[in-house]
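Spelled out from the first residue to the last, the chains are:
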Amino acid sequence: MLFDIDKNNEYVMLDTDIDTAGEYNIMTKVGVDIGTHCGVAWKSGDEVSVTSIDTSKARMMGGGMRALTLRRELEKLFEAIGPVTELAFENVERHSATYAAQIYGELRGVLMSVCEDMSIPYRGIGVTTVKKHVTGSGIAKKDKVRVAVTCQFPDVRVANDDESDALAVLICLLDEVS
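What counts and how
Residues numbered from 1 in each chain as written. Predicted model: local features only at pLDDT ≥ 70, side-chain atom pairs only at ≥ 80, totals over all residues. Heavy atoms only, no water. Helix = DSSP H or I, 4+ residues; strand = E, 2+ residues; numbered from the N terminus. Contact = heavy atoms within 4.5 Å. 1 Å grid on protein atoms, 1.4 Å probe; cavity = no way out; pocket = protein on both sides within 12 Å on 5 of 7 lines; lining within 4 Å. Points joined across faces, edges and corners; volume = space filled by probe spheres on them. Nonpolar A, V, L, I, M, F, W, Y, C, P; charged D, E, K, R; others polar. Pairing = 2+ DSSP bridges. Axes fitted to C-alpha atoms, helices over the stretch in contact; angles between N-to-C directions.

Draft legend 1. Examining the environment of Leu77 more closely. For Leu77, the position within the fold is in helix H1 (residues 65-80). With 24 residues separating them along the chain, Leu77 and Ile53 place their C-alpha atoms 9.9 Å apart. Dropping the residues within four chain positions of it, Leu77 is found in contact with Val40, Trp42 and Thr51.

What follows is the structure, encoded as structure tokens:
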């Protein structure tokens, strides 16, 4: 592990490793909220960022375009943010509608195949587990999750519920919740 000195002249551990060539490798961890509007949050070093990927209009281009759009956007994002060292996604185990379950399964398969292709370790974390860890209640509503992640990351601009859910998954990943 590497250390630095903070503004109080105290040693702080950096979230990095040194590879065999002696260069710094920043650890990049990613949290994903899978859906038609997919939220993606990542922590790279000390920086936390979040974005959304909208695949809703891709459906109008053809049957497989939603999956293809998500694949392309994830690959482009993961290349841009550097090597991803670990990824977690919100694992939805029950849907209220058949069509929503089919879309979720398709998009989860795309995410997992991108991770396999890019050699990114990944795992799912249940929705109830995520909500309970972040808010204290496994049945918390979206607005309570958003408040909780905004308190934890006050400098991160959260544009929608998908991004706040992705940040909640990232918090679980960083805290090693399973």
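Draft legend 2. Structural detail: the environment of Arg66. Relative to the elements of secondary structure, Arg66 occurs in helix H1. In contact with Arg66, not counting residues within four places along its chain, are Thr36, Thr55, Ser56, Ala58, Arg59, Tyr99, Ile103, Glu106 and Leu107.

Draft legend 3. Broad picture of the layout of surface pockets. The volume enclosed by the largest pocket comes to roughly 540 Å³. Together, 23 residues line the largest pocket, and Glu90, Val92, Arg94, His95 and Val127 are the ones closest to its centre. The set of elements that each furnish at least two residues to the lining of the largest pocket consists of strand E8 (86-91), helix H2 (98-117), helix H3 (127-135) and helix H4 (142-152). Ranked by the residues each element gives to the lining of the largest pocket, the list is headed by H3, at five residues. The residue makeup of the lining of the largest pocket, split by class, is eight nonpolar, eight polar and seven charged.

Draft legend 4. Region of interest: the sheet that holds strand E9 (residues 122-126). Taking strand neighbours across the sheet as the criterion, the five strands line up as E7-E6-E5-E8-E9 in an open arrangement whose pairing is mixed. Looking along the sheet, the strands with just one partner apiece sit at the ends: strand E7 (47-54) and E9. Strand-to-strand twist in this sheet, taken as the mean axis angle between neighbours without regard to direction, amounts to 20°. Bridge count between strand E5 (residues 28-33) and strand E6 (residues 37-44): six bridges; the pairing is antiparallel. In the sheet register, Thr28 faces E6, and the bridge partner there is Ser44. Contacting E5, E6, E7 and E8, H1 crosses the sheet at an angle of about 160° to E7. Seen against the sheet, helix H5 (residues 161-174) touches E5, E6, E7, E8 and E9 and runs at an angle of roughly 135° to E5.

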